[in-house]
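# Descriptive analysis of the structure
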Amino acid sequence: MDENRILEVKNLNLHFKTYSGNVQAIRGVDFHLNRGETLAIVGESGSGKSVTIKAVTKLLPDNAVIDSGEILYEGQDILPMDDKKFSHLRGNDISLIFQDPLSSLDPVMKIGKQIMEAILIKKQGTKREAAAKALELMRAVGIPEPEKRFNEYPFQFSGGMRQRIVIAIALACNPKLLICDEPTTALDVTIQSQILDLIKDMQRERDLSVIFITHDLGVVANVADRVCVMYAGKIVEVGTVEDIFYDPRHPYTWSLLASMPSLNTSSEDKLMVIPGSQPNMLVPPKGDAFAARNRYAMKIDFEREPPMFRISDTHYAATWLEHPDAPKIGIPALLRHRIDEQLREEATS
Amino acid sequence: MIKYIIKRVIAMLITLFIIVSLCFLTIRMIPGDIVGQGAQPEIREAMEERYHLNDPLPEQYVTFLKNFFTLDFGESITTYPRSPVFNVIMDKIPLTLQLNLFSLVITIPLGILFGIIAALKKNKPTDHAISVMVVLCVSVPSFVFAALLQYFFAFKLGWFPLLLELEDKGLTLTKLWSMVLPVLALSFGGIATITRYMRAELFEALNSEYMLLSRAKGLTRMQSTVRHAIRNSFIPLCNIIIPMFMNLLGGSMVVENIFGIPGIGRLTVMSISNSDYFLTVAVLFFYSIISLLSVLIVDLSYGIIDPRIRIGGGKTVE
């Protein structure tokens, strides 16, 4: 086992039992997270990114069934652990920040008590120590007048402030792994960047390993070291931020990047739109799940699932275009142009 | 807050006035002889004199109101001749209250318990079984339960006495034993109502985002259910538990008759059938006060229990 890997997910397969059948939410996901690194998982809604981290934190709803796979935290498979045993890891070692800070705090419990609860439940000190720690955390995440705010209720806090509290709670027990599930989606753009900066600061100060779930590529470029692109319950491309942003290989990654506005996009420019919608995961399509929406799809895409092709030590993509026999298509012109522009800008600055 | 309470109390007084007036008019419009048929002419005359029964109705109404507002509720005419109505009611309250409190003591914990079980086992056989019981208990009126319980457990099996034991003044074992059936009959509906609410509220709370966060903090499923979900679902529950004190008084009207309990409920029925109008109005007045007060207490208790209203809603309450 690689000592440097804090988390490793191996061939995770998972489905949801629903009235209309089994939804294949995760179909063979593999990824790992190195210590001190930030991994971003991107993909559109329903691609399975939240489900993946819910599996990692064992917070899956009751109708989820894990078919196969291993989730190794520091070399230890967490899937067979029971609720009590894993609750020990959760909070202590692994922490979570959720999408919606407006509803993720208990509305009838005082803020201070909610932070203290995380500390007390792990028996990391007496009540007084916990209170002192809670105040310190509130100060660290940038809550003004923490002594006064300590005894207030969540409804007295704004959205951004609540997300700061959620971050304080997540950090209360000095976790090693922090998982952020779209932590800025529900917030204003200005607050978004504050929260992102806060998470980055906390990561640096506390030497956290971070998994960042988002569909916002701007956020990815801002925070991540490595990126996993997910589509229809699979990771289709994985690489460093540079790999993904400057040398994307999977047509889905191309489409994602091309559909994102850049600073140079003028109001006349049309953004690329990915045609169609994600396949119905009750009956996952044969071959590459993205084939039906892919302009560059070849016959084989509809017949056989592409394996992960190695591009470099850090960069892998699951597309037949990387096969030695495939026609050399290359990045679409629009995207090529944009990447070149960005590279030029970076070179000059 | 104080302004709000004063407003509510004034509104309550107006409501009470309307209720009392309506009671008076309705009772007096019911056909029947207040004095009672076959009474001696002298007695009839004396009673008509004493209770101003021959005055025009509006005049009687004014006298009645005047007395009523000086807290002179009049005296019982035929049911308990010449006893002040106030004393009659006071006499009846302890027994009714006793029964109702016993009933509440089993209703609230059982209702909450079943509700929690049903919510935690939602859509599993346990939940379905509880739901069937709930539907049954909510839809069957308490007097049907009373009659059935009395028939099977008291008459057929003979485990319990048919009627309430009244010989013992204090709370003896025999008296407690005889109270079991009426208390049960009074409780079924309440248990079902609380179960239904508790299940719905708790289920919603269990699926909320703050439950995920509390799990993320490292609380086990059990810990976060007890500390967060149940706590949150109690708030809306107050809305139905407090008025239950009132509902039980109403429910006891027929149940008390079945088990021969000389309580407030039975008094109401008797006073109406005897056209004992002072008594009827006073009893209905008593009911109205309790129900209005319980509504007021519910509204105020929200402000105490729920911090969102206590602190945040100072202005919005009005």
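This structure is a prediction, so every number in the text was calculated from the model and none was measured.

## Brief notes about the overall build of chain A
Helix and strand counts for chain A come out as eleven helices and twelve strands. Compactness check: chain A gives a C-alpha radius of gyration of 21 Å against a globular reference of 20 Å for 349 residues, within 12% of the reference. Each of the three principal axes of chain A carries a C-alpha extent, and together these read 65 × 50 × 40 Å. Sequence separation of 24 or more characterises 65% of the internal contacts of chain A that already satisfy a separation of 6 or more. Taken as a whole, chain A presents about 15700 Å² of accessible surface, with 52% of it coming from carbon and sulfur. Each charge class in chain A can be summarised by its mean position, and for the 41 positive and 48 negative side chains these summaries are 5 Å apart.

## Focus on the environment of A:Asp197
Residues and elements named next belong to chain A. Inspection of the secondary structure assignment puts Asp197 in helix H7 (residues 189-206). For Asp197, a relative accessible area of 37% translates into the label partly exposed. Separated by 25 residues in sequence, Asp197 and Asn222 place their C-alpha atoms 9.2 Å apart.

## Focus: the domain arrangement of chain A
Considered domain by domain, chain A is made up of domain 1 (103-174) and domain 2 (248-348). The C-alpha centroid of domain 2 of chain A is placed 43 Å from the C-alpha centroid of domain 1 of chain A.

## Things to note about unusual backbone geometry
Apart from glycine, the bulk of residues carry a negative phi angle, and the bulk of peptide bonds sit in the trans form. All names here are of chain A. Unusually for a residue other than glycine, Lys58 sits at a positive phi of about 55°. Considering the arrangement of structural elements, one finds Lys58 in the loop between helix H1 (49-56) and strand E4 (64-73). By relative accessible area, which is 21% here, Lys58 ends up partly exposed.

## Quick notes on the confidence of the model for chain B
Residues and elements named next belong to chain B. Mean pLDDT over chain B: 80, with 91% of residues reaching 70 or higher. Confidence scores differ between elements of chain B, with helix H10 (residues 244-258) showing the lowest mean pLDDT of 71 and helix H5 (residues 125-139) the highest of 90. Here residues 314-318 is modelled with pLDDT under 50, and outside its nearest four sequence neighbours on either side it reaches six contacts, counting other chains as well.

## A word on the packing of helix H4 (residues 85-120) of chain B against helix H9 (residues 221-241) of chain B
Residues and elements named next belong to chain B. Axis separation between H4 and H9 bottoms out at 12 Å; the angle between their running directions is 130°. For the element pair H4 / H9, the angle class is oblique. The chirality of how H4 crosses H9 is right-handed. Residues Ile108, Ile112, Ile116 and Leu120 of H4 lie in contact with H9, whose contacting residues are Thr225, Ile230, Phe234, Leu237 and Ile241.

## Structural notes on the packing of helix H8 (residues 209-216) of chain B against H9(B)
Residues and elements named next belong to chain B. Here H8 crosses H9 at 145°, and the two axes come no closer than 9 Å. Read as a crossing pair, H8 and H9 show a hand that is right-handed. Touching Tyr210, Met211, Ser214 and Arg215 of H8 are Arg221, Ser224, Thr225, His228, Ala229 and Asn232, all from H9. Residues that form the contact of H8 with H9 fall into these classes: three nonpolar, five polar and two charged.

## A look at the packing of aromatic side chains
Tallied over the full model, the rule gives twelve aromatic pairs over all chains. With a centroid separation of 6.3 Å and 15° between ring planes, the pair formed by A:Tyr153 and A:Phe155 is classed as stacked. Since its relative accessible area comes to 7%, A:Tyr153 is described here as buried. Relative accessible area serves as the criterion here: at 26%, A:Phe155 is assigned to the partly exposed category. Here the aromatic rings of B:Tyr151 and B:Phe152 are separated by 5.2 Å at their centres, their planes lie at 85°, and the arrangement is edge-to-face. An aromatic cluster is present here, built from A:Tyr231, A:Tyr252 and A:Phe290 joined pairwise through their rings. Looking at B:Lys122, its charged tip hangs above the ring of B:Phe203, at a distance of 3.8 Å from the centre.

Conventions adopted
- Residues numbered from 1 in each chain as written.
- Chains lettered and ligands numbered in written order.
- Predicted model: local features only at pLDDT ≥ 70, side-chain atom pairs only at ≥ 80, totals over all residues.
- Heavy atoms only, no water.
- Helix = DSSP H or I, 4+ residues; strand = E, 2+ residues; numbered from the N terminus.
- Rg over C-alpha atoms; globule rule 2.2 N^0.38 Å.
- Contact = heavy atoms within 4.5 Å.
- Areas by Shrake-Rupley, 256 points an atom, 1.4 Å probe, with all protein chains shown as cover.
- Lys, Arg positive; Asp, Glu negative; His and termini not counted.
- Charge placed at Lys NZ, Arg CZ, Asp CG, Glu CD.
- Buried < 20%, exposed > 50% of the residue type's maximum accessible area, 1.4 Å probe, protein only.
- Domains from an automatic or database assignment.
- pLDDT = per-residue confidence, 0-100.
- Axes fitted to C-alpha atoms, helices over the stretch in contact; angles between N-to-C directions.
- Parallel < 35°, antiparallel > 145°, perpendicular 65-115°, else oblique.
- Left-handed = near helix turned anticlockwise from the far one by under 90°.
- Nonpolar A, V, L, I, M, F, W, Y, C, P; charged D, E, K, R; others polar.
- Phe/Tyr/Trp six-rings, centres within 6.5 Å; stacked < 30°, edge-to-face > 60°.
- Lys NZ or Arg CZ within 6 Å of the ring centre and 35° of its normal.

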